[in-house]
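Residue strings, one per chain:
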Amino acid sequence: MASTEPDHDRREEDDVPHADDEDTGAQIAPIVKLEEVAVSTGEEEEDPILDLKSKLYRFDKDGNQWKERGAGSVKLLKHKESHKVRLLFRQSKTLKICANHLVIPSMTVQEHVGNEKSCVWHATDFADGELKDELFCIRFPSIENCKSFMETFQGVAESQKSKEENQDASAAADALDKLSVEEKKTVEEGEPAVAEESNKTDAESKDTSST
């Protein structure tokens, strides 16, 4: 028959009241005093358009397979002055940057074949400190989040296209104005020379007729 003494002894020990910790009133000063340090994320001049939890992959051409880059948060950030929008993906724990590129008019995002929670796109990425052509795939917890990402991404790309066209039109208009001013200036500067040459011709004709 198994003995119950260990359990009994344990119950007795649990019933023993513990003395409250005595407050001696002593104050222990910290060995090292730490000062608050401002941490810059590089996102201070940008406003978030989108921020969603997701998992990012990139296509490895050498291995011909998808490789996970990390699980974290994908953001679309709009610069307050230039109004350019970039995509930024950080890992949730380490905050390591896994994707960092501008959203430009030529970009398109498409649903990944066979998975409504994932989508793919090409980009010239700068996450590793140098420009690389990458094929990304991102997976979301829900279909709704995936659709929201795709719609926002595509909307940004189209808005950047309109902005780029407006900038080109403005640049062309400025160039035409400058050309018109230069042509007008050239004509105005050329008129006295023509008049002077005409007067000179009249004088020569008079001299010839007098002889």
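Bear in mind that the values here come from a model prediction, so they are computed numbers and not experimental data.

**Q** Account for the packing of aromatic side chains, with residues named and values stated.
**A** Under the definition given, this model contains 6 aromatic pairs. Between tryptophan 121 and phenylalanine 136, the aromatic rings sit 5.6 Å apart at their centres with planes inclined by 40°, giving tilted as the arrangement. Taken together, the residues span a long stretch of sequence, with tryptophan 121 in strand 6 (residues 118-125) and phenylalanine 136 in strand 7 (residues 132-139) at a distance of 15 residues. By the burial criterion, tryptophan 121 is buried, and phenylalanine 136 matches it. Measuring from centroid to centroid gives 5.6 Å for tryptophan 121 and phenylalanine 149, while their planes differ by 50°, and the two rings are tilted. Of this pair, tryptophan 121 sits in strand 6 while phenylalanine 149 sits in helix 2 (residues 143-210); the two residues are 28 residues apart in sequence, bridging distant segments of the chain. Accessibility expressed as a relative area gives 1% for tryptophan 121, which makes it buried.

**Q** Help me get a handle on the nonpolar core, residues and values and all.
**A** In summary, soluble globular proteins display a tendency toward joint burial of nonpolar side chains. Among the nonpolar cores identified, the biggest contains 25 residues, and Leu87, Trp121, Ile138 and Phe149 are the most heavily contacted of them. Among the secondary structure elements, those contributing two or more residues to this core are strand 1 (46-60), strand 2 (65-79), strand 3 (85-91), strand 4 (97-102), strand 6, strand 7 and helix 2. With 6 residues, helix 2 is the largest single contributor of residues to this core.

**Q** Requested: an account of the side chain of arginine 86, with residues and values cited.
**A** Among the secondary structure elements, arginine 86 is positioned in strand 3. According to the relative accessible area criterion, arginine 86 is buried, its value standing at 15%. At 3.3 Å, the side chain of arginine 86 forms a polar contact with the backbone oxygen of glycine 42. Among residues more than four places away in sequence, those in contact with arginine 86 are Gly42, Glu43, Glu46, Lys75, Leu76, Leu77, Asn100, His101, Leu102 and Val103.

Calculation rules
Residues numbered from 1 in each chain as written. Predicted model: local features only at pLDDT ≥ 70, side-chain atom pairs only at ≥ 80, totals over all residues. Heavy atoms only, no water. Phe/Tyr/Trp six-rings, centres within 6.5 Å; stacked < 30°, edge-to-face > 60°. Helix = DSSP H or I, 4+ residues; strand = E, 2+ residues; numbered from the N terminus. Buried < 20%, exposed > 50% of the residue type's maximum accessible area, 1.4 Å probe, protein only. Core = buried A, V, L, I, M, F, W, Y, C linked by side-chain atoms within 4.5 Å. Polar contact = N/O pair within 3.5 Å; in protein donor to acceptor, adjacent residues only side chain to side chain. Contact = heavy atoms within 4.5 Å.

On their own, these measurements won't tell you what the molecule is for.
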